[in-house]
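# Coordinates in review
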Amino acid sequence: ILRSVRRRDPGGRCEYAILMVFATYGLRVSDVAALRLDDIRWREGSIAIHVEKTGRALVLPLTDPIGDALAITSSVPGHTAIVARCSSRCRSRSFL
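The notes below deal with the structure included here. (Residues numbered from 1 in each chain as written. Predicted model: local features only at pLDDT ≥ 70, side-chain atom pairs only at ≥ 80, totals over all residues. Heavy atoms only, no water.)

Another point: the overall build of the chain. Helix and strand counts for the chain stand at four helices and three strands. Tracing the chain from N to C terminus, the helices and strands come up as α-α-β-β-β-α-α. Put simply, the chain shows about 6000 Å² of open surface, and 51% of that area lies on carbon and sulfur atoms. (Helix = DSSP H or I, 4+ residues; strand = E, 2+ residues; numbered from the N terminus. Areas by Shrake-Rupley, 256 points an atom, 1.4 Å probe, with all protein chains shown as cover.)

Taken in spatial order, the three strands of this open sheet run E1-E2-E3, and their pairing is antiparallel. Pairing within the sheet leaves two strands with one partner each, and these edge strands are strand E1 (40–41) and strand E3 (57–61). As paired elements, strand E2 (residues 46–50) and E3 share five bridges and run antiparallel to each other. Counted as the bridge partner of His50 is Ala57 from E3. (Pairing = 2+ DSSP bridges.)

Once that is clear, we can look at the nonpolar core. Counting 21 residues, the largest nonpolar core has Val21, Tyr25, Ile47, Ile49, Ile66 and Leu70 as its most contacted members. Taken together, the elements giving at least two residues each to this core come down to helix H1 (10–25), E2 and helix H3 (64–71). Ranked by residues supplied to this core, first place goes to H1 with seven residues. Sequence-distant contacts of Ile66, that is, excluding residues within four places in its chain, are made with Met20, Val21, Thr24 and Tyr25. (Core = buried A, V, L, I, M, F, W, Y, C linked by side-chain atoms within 4.5 Å. Buried < 20%, exposed > 50% of the residue type's maximum accessible area, 1.4 Å probe, protein only. Contact = heavy atoms within 4.5 Å.)

As a general feature of sheets, a regular strand has side chains that alternate between the two faces. Counting buried positions along E2 gives four out of five residues, so the element sits mostly inside the fold. Hairpin connection of E1 to E2: four residues between the antiparallel strands, including Gly45 at a positive phi of 70°. The turn joining E2 and E3, which pair antiparallel and follow one another in sequence, is formed by six residues; a positive phi near 75° is taken by Gly55.

Here we take up the side chain of Ser46. Residue placement: Ser46 occurs in strand E2. Residues contacting Ser46, with those up to four places away along its chain left out, are Asp39, Ile40, Arg41, Val59, Leu60, Pro61 and Leu62.

This brings us to the environment of Leu19. Relative to the helices and strands, Leu19 is located in helix H1. The exposure class of Leu19 is buried, given its relative accessible area of 18%. As for Leu19 and Ala69, which are separated by 50 residues in sequence, their C-alpha atoms are 9.6 Å apart.

Spelled out as structure tokens, the structure:
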């Protein structure tokens, strides 16, 4: 699935970032949809997930491939949610 994503356009890069999070961490859709840029601890090399099902926080290592994929989402002003940033780049697509 990851190979089929067109990463040359902004929408494809966002889709790739979201799919990488799913594939690497095995999170639920609700957990990924709630993920915010503030949850990424770049300097510490970790990502904090608020797991909706359990209500607990989960801190996972931020791998280099995930960090690289998520870094592209920081260029859309006015949004703090990662999925919102991606959807604002490609409004004609419905990904989540």
